[in-house]
Every structure is written in C-alpha cells, then in structure tokens.
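# Fold and geometry: a report
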Amino acid sequence: MKEIRVAKSAGFCFGVSRSVDMAQKLLEEQGSARSLGPIIHNEDVVNALAERGLHVANSVEEIQPGEAVMIRAHGVAPAVYEALRARGAVITDATCPKVRMIHRIVREASEQGRFVIIIGMRNHPEVEAIRGWCGEHVVLENPAETAEWIEKNPDFSDKMITIVVQTTQTSGNFTECCEIVKKRCTNLRISDTICLATSTRQEEAKTLSSECDAMVVIGGRHSANSLHLAEICSSVCSHVQFIERSDELDLDALRAFDTVGITAGASTPAWIIKEVRNKMSDEIKVEESTVEKEQSFDEMLEETLKTIYNGDKVSGVVVAITGTEVSIDLGTKYSGFIPTTEFTEDGSKLEDVVKVGDQIEAIVVRVNDVEGTAQLSKKRLDAVKIWDNIEQAVEDGEVIEGVVTETNKGGVVVNYKGVRVFVPASQTDLPREADLTELVKKTVRLKLTEVNKARKRVVGSIRRVAQAERRAATEAIWNEIEVGKKYHGTVKSLTSYGAFVDIGGIDGMVHVSELSWNRIHQPSEVVSVGDEIDVYVISFDKEKHKISLGYKDPEANPWSVFTNRYSVGDVANVTIVKLMDFGAFATVVPGVDGLIHISQIANRRIEKPGDVLTVGDVVEAKITAIDEEKHKVSLSIRALSAPAPAAPVAEAEEEEDEDDGSDTMVYSLSADGQAIGEAPTEVEE
C-alpha cells in the first residue's frame, strides 16, 4: 500500500449521531435506561453504551413500569407507543426526523385512501415501523419483486398510490422500482425519502471505488446502509473487504494494492474508522499529510455534532417536500424544516419554487433538542438580506425595479421584494394634475433616496431615474441622428399644422403635409395622441434642437406608383373627380389626378364638360403627356374616339367668332390629339 484515501462522508449520519447523543444525555440524567432494540447496528457502540447503563430490550414486554425507554432512530409503529404508555414507560424518542417524515407521508396517504408501496428491506426495523403507520400497503425489495407484484395485481393500474423508500436504500434500486410501477399505474405520488447523507455516502463510495485499487467498507453485518455500500463498491472495484472492526482487516491482501479507499456505514463511529485507518497506516508508515487528513476528518465529525441556536444562519439541502413542510438536511444532528406556506404565500406553486436537492439558506426560529428538529425561516433571512440590499442600493445610488401597488396620501407605494417604498407625488414623474392611479400595477424604475431600517421606512424617486434616462436618451439621439434615420415614436400632442412625436426623449414634428399622401385638413384625421408610429428624419437643427419628421411612406408616394405603372401613350381607367369650365380632373391612381381638357373630352365641340361627364364617372382615357417636374398629367378621351365628320367651313368660322377664348386654355393640338398649352392661372394647382 502506498496511499490510503478516506471518504469524506464515512461514518455516523446526523440521525445516528443524534440518537447516540440523546442516549448519553439520558444516561447522565437517569443513570440507566432501556433501548427498544439495539440503538444502532454496531455492536461496539451498543456494548459501550450498555456498560454505561443502556440495556437492550427486545420487546415491549421486557419493559418494567416506570422504566426509562429510548426508541431508536429506526422508529416504531403507533401500536408500540400505545403499548409502552400502557406499561407506564417514560419514553425518549430518538426516531430519526427523516424517518418520522416518512411516517407522516404514509399516514396522510392512508387517510386520503391511497395505497402505499414501500421500497425497502422487508424485515428491517425501519420498514417494520413504517408499515405500522400505513393502511393498505405492500413492501417491495427490488425491481424483480416489483415487476412480479405489478403483474399479479392489474387492478391497481387506476388506484391512487403513494411510493416511499427506506432511507438507506440505493437510489438505483428505488428508481428502477418506480419506473416499473409508472408504466402500469397512472395515479402516483412518488416521495424520494432516501436520506441525503445516504445518497451522498453512496455516490462518494462509488467514485472512490473507481479511483482505488481496493476498498475497505466498515459497518455492522445487519446494517442495511453498510451492506448497500459494500454492494456499490463491489460493482466498480474488484477487491472489497467488508469488516466490522480493525481486527478483521486482511492486511496481507491489501499489500498488493497501491491505493486503498475506506468508507463506512452510518452506524460506524469515528473511533472505529480511525482504528482501521491507523492499522493500515502503520503498514505503510503514514506521513504527516495523512495525519492532517485525520484531523480534517475529526473536524468534519465534530461539525455534525454541533449545536445550533435560535437566530443562527444555517445552510442545507432540501431532502423532502410534503404538503406542510420542506425538510432540510443541515449536516448536523438536527433536521431542519420550513413550513411550505413560506414558499406559497404569494400564490406560487410549491413545485415551481423549491425542489429536492436545492440549496437553502435560512434563519433558525426554534430548536427542539428532544426531537432533534429545528424550525427554520427562509422568509426572515430573505427579509434581512433585502434590507441589506436596500441600504446598499441607497449608498450606491442603484436603480431598482418595483411594482406600484397603491396610491397613498401624497404619493404612491411601490413594492420592492416585499418592502413598501413610498414615492411622493412630486417624484412620480407625472404632471401635477395627473391621476396617480394610472401608475397602479405598473412596473417602475426608481432610486431609493431615504431608508430608516428601524422604522421600516423607505422613500424613493421615479422622477430621478426618468430624468437621467431622458438625458441619456437625448444625448444618444443627437449623437446618432441623421437624415433618413428611422425611429419608433409616440404621438405626444397635435396642432393644426402637425403632430409632435417623442422618439425616445426628444420631440420631433411631423408637418401635416408629411402625415399623408392624400390631402387632409387636420392631423387628427391620420393620428391620435398616444399612437405609436414609425417616422423618419427629414431634417434637423442641433443648435435649435429642432427635428422635422416624416410619417408617410416614401415607397407609397402616389407619383412613384403612377410613374412605375404608366407611361405616355398608355390607356387607364380614370375616375372623374372635379368639373371645371376648361375641362375635367380625373384620378388615375390614388393621389394623382390628370386633366382632361375640354377639347379632349369628345370628338365634337361641347359647351362645357358637364354636357358629357359627371363626377364619379369611370372612363377610359389616354395619357398624352407627363410633366415630371410639376407632377402633372394630361389625359384625353377624344384620342380613343372615332373622328367626328368635318364641319362646314362657314359654320366653323361662325363658331370661332362666337368664342372669345376668355376662360379657356389655349392648346396647339399635335397629330395624336395631345393638347399643348397652359390652363388659366386661376385653376392651376
């Protein structure tokens, strides 16, 4: 042997440590007492306690009236309690709190009419005690037995079933059994009641075995958890010695291996582990480093036996969850629990906020040395932490978030992690005449300006944060602004000439002409205060802090739509929208109107456009001219009509004499009938 490695979790679990400690105190007080069955599965410990006056009673009948009796960590059935009381025994109950929790689970399940399946060793005292707290139940030791029971009991597929497991079982065995039941039964409640210390010890043993050439497992022959440790080590290591004490060590066999690991069951005291290790160490002349490891192990054992007091801050792991409490393994002789109401009082579901395996910090509220339990409060510790955070937030000027819960005299109340923060009306960032109730149920950002922990008073300001954020946003916008840049903004106010839009701390104006491609009279025809709209920058002046914005989409420009669709010579269906003395205006596409001069309405002379056309008529017209610069379109219906018969010369001259041309547009007609000339000034757009 060159190296000896001891598992960190080897030896007494907190339940065993607690029961031994209680036995010693009982003997100090009474001088002598009886334990109902061996207090733990270790002959050396049982014999040592017997020498001090704790003798084993194998049945209730052996107990004498008035005698002090200790119930061991495995617990007993309710009937045993009744029988002991009937004999006048003075009971000291050392039932492991984790075992007691199983008793509560199966009792509640039975009261609800649920069938209980216990995964564990049928004749083990812990399992025998659990059975006494059940109604209908069955004990199943392994997957094969579970599968056989399921096959023989098909009627249980729809039955309400609760599954618990002996605290010292292996997680692998428990998981396999549960999987078999889950395939057939649908109404299941599974409680993983394996002791966390057991699981940790088993995992460490498996890891250590895979890293060592040989393993020594120390434990009682009748100790379930020790037997399981030996099985686990044997599954990954070829040489495993299972012993109760050092004189059973086969050192000759161990000499062939370089690295040897040591682990021990929950009922193995530290002195036996030391004795075994020292005997092996003498063989290889242990160096100082190993002595340091021994000290470390002693310190860890001492840690599990320490006493805790009300007000102590403790940390542990969630090992079980019931309908009323969350059990915490504190790594000491005390079993901690937190009422489930602490996790659900805000309406949360228990399964969403806490799970087995979670690390929990809490404050000790009440210690029960007799039962070895400690009531804890996570809520109280959280409150302490929150006040510390609040004081730090004030010192650092930190911005926090909270929800406005109510209005108050002169302001509003913000809930920050359960603490009420008062925000005066002047610090809400609302106008003086605004209704404060509009903030209720909204999440706000604020800075804490005053805190008095003794009076539980906190004052904050939403306005400070809002002003700082507006300044930062304003600076960012002016640093990045450019023509054409797009922003998502909110309409803040309307005037007769446009709309003011907040684009993130700065207001820009959208002129009425930039709100729509169609003619509108008021901005309210297009937008309303509070609307969120997308705008783009048309121009800006950093010195005057003015921004001109556009809202109408450039891609929807009616003139662009028109020129993309039509060219000179194309024929379009147009709608007559206005009649004038010199012609008619017709919409070619929404937003673009063309002029049909009176001379281009018909292939004959007419007195006025109304003789032929009516507003609303849809007619075919030929596009005869497009003025790109002035965005004007000339149309002709006449160009699509058959030529009229030529009029007599005399008649034509007579008509020309009658027309003085005062209110008409003068056109020169091209070969295709296009009118060339200008309309009278008063009708130009």
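See the structure shown above.
Residues numbered from 1 in each chain as written. Predicted model: local features only at pLDDT ≥ 70, side-chain atom pairs only at ≥ 80, totals over all residues. Heavy atoms only, no water.

## A short note on the sheet that holds strand β27 (residues 546-550)
Pairing is mixed in the closed barrel, where five strands are placed in the order β23-β24-β25-β27-β26. Taken over all neighbouring pairs, the strand axes of this sheet differ in orientation by 55° on average, direction set aside. With five bridges connecting them, strand β26 (residues 532-541) and β27 associate as antiparallel partners. Opposite Val-537, over in β27, you have Leu-549 as the bridge partner. (Pairing = 2+ DSSP bridges. Helix = DSSP H or I, 4+ residues; strand = E, 2+ residues; numbered from the N terminus. Axes fitted to C-alpha atoms, helices over the stretch in contact; angles between N-to-C directions.)

## A closer look at the sheet that holds strand β12 (residues 259-264)
Reading across the sheet, the four strands line up as β1-β12-β10-β11 and stay open at both edges, with parallel pairing between neighbours. Sheet topology places β1 (3-6) and β11 (240-243) at the edges, where each strand pairs with a single neighbour. Averaged over neighbouring strand pairs, the angle between their axes works out to 20° when direction is ignored. Bridge count for strand β10 (residues 214-218) against β12 is five bridges, and the pairing is parallel. Bridge pairing links Ile-218 to Ala-264 in β12. Here helix α8 (residues 196-211) sits on the sheet in contact with β1, β10 and β12, set at roughly 165° to β12. (Contact = heavy atoms within 4.5 Å.)

## Examining empty space enclosed by the protein
In the structure shown here, the tally under the stated rule is two cavities of 30 Å³ or more. Lining the largest cavity are 22 residues, and of these Cys-13, Val-16, His-74, Thr-167 and Thr-168 sit closest to its centre. Of all the elements in the fold, those that place two or more residues in the lining of the largest cavity are α1 (14-30), α8 and α9 (224-236). The residue makeup of the lining of the largest cavity, split by class, is 10 nonpolar, 10 polar and two charged. (1 Å grid on protein atoms, 1.4 Å probe; cavity = no way out; pocket = protein on both sides within 12 Å on 5 of 7 lines; lining within 4 Å. Points joined across faces, edges and corners; volume = space filled by probe spheres on them. Nonpolar A, V, L, I, M, F, W, Y, C, P; charged D, E, K, R; others polar.)

## So, the pairing of strand β7 (residues 137-140)
Remember that side chains alternate between the two faces of the sheet whenever the strand is regular. Note: strand β6 (residues 115-119) against β7, four bridges, orientation parallel. Considered in β7, the bridge of Ile-118 is made with Val-139. With respect to chirality, the unit in which β6 leads through helix α5 (residues 125-132) into the neighbouring parallel β7 is right-handed. (Right-handed = clockwise from strand over helix to strand, strands pointing away.)

## Looking at the side chain of Thr-95
Summarising the element assignment, Thr-95 is placed in the loop between β5 (90-93) and α4 (97-111). For Thr-95, a relative accessible area of 1% gives the class buried. Within the local environment of Thr-95, its side chain forms a polar contact with the side chain of Asp-93, the two groups lying 2.5 Å apart. The contacts of Thr-95, once residues within four sequence positions are left out, are Arg-18, Ile-71, Arg-72, Ala-73, Gly-75, Tyr-81, Arg-100 and His-103. (Buried < 20%, exposed > 50% of the residue type's maximum accessible area, 1.4 Å probe, protein only. Polar contact = N/O pair within 3.5 Å; in protein donor to acceptor, adjacent residues only side chain to side chain.)

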